[in-house]
Amino acid sequence: MSKSRETSHPRIRRPRRGSAFAAAAVLTAAVVAPAATPHPSAPASPERAPALSARPATGSLEPCTLAPGHGLQMSEGIPTHRGYSRSTGTVHALNLMIDFPDVHGKGTARERFEEFFPQTTRWFAQSSYGRLDYRPAMPIKRWLRMPHSFRSYGIKRGSPFEPGYRKLVADLAEAADRRIDFSRYDLVNVLVTPNAGPPAAHAVLSVTYADNQRAPIADGVPLANVSFVYSRQDDGSGSLHRTGYRVLPHENGHVFGLPDLYTRGGGDKVGHWDVMSEDWGAGNDLLAWHKWKLGWFGPGQVACASRSGVSAHTLTPLHRADGTKMVFVPVSASTGYAVEVRTSGGNDEAVCKPGVLISRVDTRVDSGGGPVTVMDSTPDGRGCTRERNVHPELSDAAFGPGQTFTGSAGGTRVTVRVTGQDADGTYGVEVTRRASAGARG
Ligand SMILES: [Zn+2]
């Protein structure tokens, strides 16, 4: 059923207010391959949290698993198509450090590998509460030389898979095949010598081809989930060694089925609340919706407020493993509001206004079109962050004690009131879900 949809996302570069390094504020993008036609009959991942909830006005999780939209490159819907890499349990990542006859490897291949590991492994362990055991392998210890020049592959920002990347993937598979059994790995990271192509501060080439079932085959398997990382995310602030690896969690997020949350139009919809939105600057985590989609919550950690009425919930900070992590309020088969608590800790390095974060998820909106929108508690505010490469406007979006959010969609009115906050970062919320005037629900 796959049509030829091998299109690319144009990279976007957004100026950061108040940053002396605005030109460095570049985000990475994904190009996702076709064959991502959602399979409505695909069984739910066995790792997904079972339908457990005993809270008032909440029930089965089923109404909260919004179905994937049709005809999209990547969707926020659940379940994630099986063609992506699995995101729980032990995941084996093959790392190939490549260079070219016209661009020889700079530094050693091991040094390139160590720009991303063990940081990426730790980031996933932390974000997934230990549910993703990411095992990076580098069976080839040296630069793997491609048979053709870097120039000859014609790699640019936004290059589609055909023809350049198809050739590059086929060439690297052939170059490595005698030494590697590709069928042993769940995903492939191609860590390109950092001197190939422009600096990331000028143009981000890093890209992922995910669920690409028509990719070249090696050892009997299509190389369907491959992330390419170029250059270095260096903004000149001296934080490269600490934060520069996060391009890889972003690109691997695509391999696991997550869409881009920054928008091609440049409007800021999620800010620094998810690494699929911003991966430069201070460390950040994923939104609760993404963690649920990836299967990282345990039984009882998601409450689904699908019935009319009022329900009370206690939410613990997202970076902590314990407690309820998300209340989801579905308003249609494809749309709903996610409620979570974000405070500094874990991968969330620099939350300047901790509190209850509310975002709207729409599974009909494609990657790069804004499938998630964070609701701003201070829409006129300029934000509270002074971190470099953090979009400031939404940094103060979270709701605090006494504040109320009201949203209306699909004939349903949703109110979220923050009822209290404990010293340990736990927040109380009261969710009200009713049919709006003129609608019956
Ligand atoms: Zn991306």
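Bear in mind the structure is a predicted one, so any value in this text is a computation, not a measurement.

**Concerning the overall build of the chain**
1) Next: In terms of regular secondary structure, the chain is built from 6 helices and 17 strands.
2) Next: Within the chain, buried positions represent 52% of all 441 residues.
3) Next: Here the analysis covers contacts within the chain between residues at least 6 apart in sequence; of these, 72% occur between residues at least 24 apart.

**A word on the sheet that holds strand 17 (residues 427-435)**
1) Next: Here 4 strands make up an open sheet; going across it, the order is 10-17-16-15 and the pairing antiparallel. Two strands lie at the open edges of the sheet, namely strand 10 (309-315) and strand 15 (404-409), each paired on one side alone. Each neighbouring strand pair of the sheet contributes to a mean axis angle of 20°, computed without reference to strand direction.

**Considerations on the confidence of the model for the chain**
Interpreting fine coordinate detail is not advised for predicted regions of low pLDDT.
1) Next: Of the residues in the chain, 86% have a pLDDT of 70 or more, and the chain-wide mean is 87.
2) Next: For residues 1-56, every residue scores under 50 in pLDDT, and the model assigns this stretch 152 contacts once sequence neighbours within four places are set aside.

**Remarks on helix 2 (residues 119-127)**
1) Next: Among the residues of helix 2, those classed as buried are Thr120, Trp123, Phe124 and Ser127. Down the axis, helix 2 shows its buried residues gathered within 90° of arc, on one side only.

**Some points on unusual backbone geometry**
1) Next: Cis rather than trans, the peptide bond between phenylalanine 117 and proline 118 has omega equal to 10°.
2) Next: Looking at where proline 118 falls in the secondary structure, it is placed in the loop between helix 1 (109-114) and helix 2.
3) Next: Phi is positive for tyrosine 129, close to 55°, though the residue is something other than glycine.
4) Next: Tracing the chain through its elements places tyrosine 129 in the loop between helix 2 and strand 2 (132-137).
5) Next: The phi dihedral of aspartate 211 is positive, around 50°, even though this residue is not glycine.
6) Next: Structurally, aspartate 211 can be placed in the loop between strand 5 (207-209) and strand 6 (217-218).
7) Next: According to the C-beta neighbour criterion, aspartate 211 is buried, with 25 such atoms within 10 Å.

**Some thoughts on the environment of leucine 286**
1) Next: Along the chain, the position of leucine 286 falls in the loop between helix 5 (247-255) and helix 6 (288-293).
2) Next: If near-sequence neighbours (up to four positions away) are discounted, leucine 286 is found in contact with Ser127, Asp274, Val275 and Lys291.

**A look at the sheet that holds strand 9 (residues 302-304)**
Whenever strands of a sheet pair, they do so through backbone hydrogen bonds, lying parallel or antiparallel.
1) Next: With respect to topology, 5 strands assemble into an open sheet ordered 9-11-12-13-14, the strand pairing being mixed. Taken across any chain shown, the strands that pair with only one partner, and hence form the sheet edges, are strand 9 and strand 14 (372-374). Neighbour-to-neighbour, the strand axes of this sheet turn through a mean angle of 25°, independent of strand direction.
2) Next: Direction of pairing for strand 9 relative to strand 11 (residues 326-330): parallel, over a ladder of 3 bridges. Its bridge partner lying in strand 11, cysteine 304 is registered against phenylalanine 328.

**Focus: the environment of glycine 381**
1) Next: Structurally, glycine 381 can be placed in the loop between strand 14 and strand 15.
2) Next: Distance in space between the C-alpha atoms of glycine 381 and proline 392 is 9.3 Å, their sequence separation being 11 residues.

**Considerations on helix 3 (residues 161-176)**
1) Next: Of the positions making up helix 3, those classed as buried are Phe161, Tyr165, Leu168, Val169, Leu172 and Ala173. Take helix 3 and look down its axis: the buried residues cluster within an arc of 130°, on one side only. Away from its buried face, by an angle of more than 90 degrees, helix 3 presents the exposed residues Glu162 and Pro163.

**Quick look at the pairing of strand 16 (residues 412-421)**
1) Next: Relative to strand 16, strand 15 is paired through 6 bridges, and the arrangement is antiparallel. Paired with threonine 406 across the bridge in strand 16 is threonine 415.
2) Next: The antiparallel hairpin formed by strand 15 and strand 16 contains 2 residues in its connecting segment, where glycine 410 sits at a positive phi of about 55°.
3) Next: Looking at chain direction, strand 16 and strand 17 are connected through 9 bridges and run antiparallel. The residue of strand 17 that forms the bridge with arginine 417 is glutamate 430.

**Considerations on the pairing of strand 11**
1) Next: Along strand 11, 5 of the 5 residues are buried, which leaves the element largely enclosed by surrounding structure.
2) Next: Note: strand 11 against strand 12 (residues 335-342), 4 bridges, orientation antiparallel. Its bridge partner being in strand 12, valine 329 is matched across the sheet by tyrosine 337.
3) Next: The antiparallel pairing of strand 11 with strand 12 creates a hairpin that spans 4 residues between the two strands.

**Re the environment of aspartate 274**
1) Next: When you line up the elements, aspartate 274 lands in the loop between helix 5 and helix 6.
2) Next: Sequence spacing of aspartate 274 and leucine 261 is 13 residues, and the spatial spacing of their C-alpha atoms is 7.9 Å.
3) Next: Every residue in contact with aspartate 274, bar those within four places of it in the chain, is listed here: Leu261, Asn284, Leu286, Leu287 and His290.

Calculation criteria
Residue positions within a chain follow its written sequence, with the count starting from 1. Note on the predicted model: pLDDT of at least 70 is required for a residue's local features to be given, and 80 or more for side-chain atom pairs to be given and counted; whole-chain, interface and lining totals, by contrast, use all residues. Secondary structure elements are taken from DSSP: a helix is a run of H or I of four residues or more, a strand is a run of E of two residues or more, and numbering for both begins at the N terminus. Once C-beta atoms are placed from the backbone, each residue is buried if 20 or more other C-beta atoms lie within 10 Å of its own, exposed if 12 or fewer, and partly exposed for counts between those two. Contact between two residues is assigned when their C-beta atoms, built from the backbone, lie within 7 Å. At least two DSSP bridges between two strands are needed for those strands to be called paired. Between N-to-C directions, angles cover 0 to 180 degrees, with each direction set by a line fitted to C-alpha atoms, over the stretch in contact for helices. Note: pLDDT gives the predictor's confidence per residue, expressed from 0 to 100. Comment: arc refers to directions from the helix axis out to C-beta atoms.

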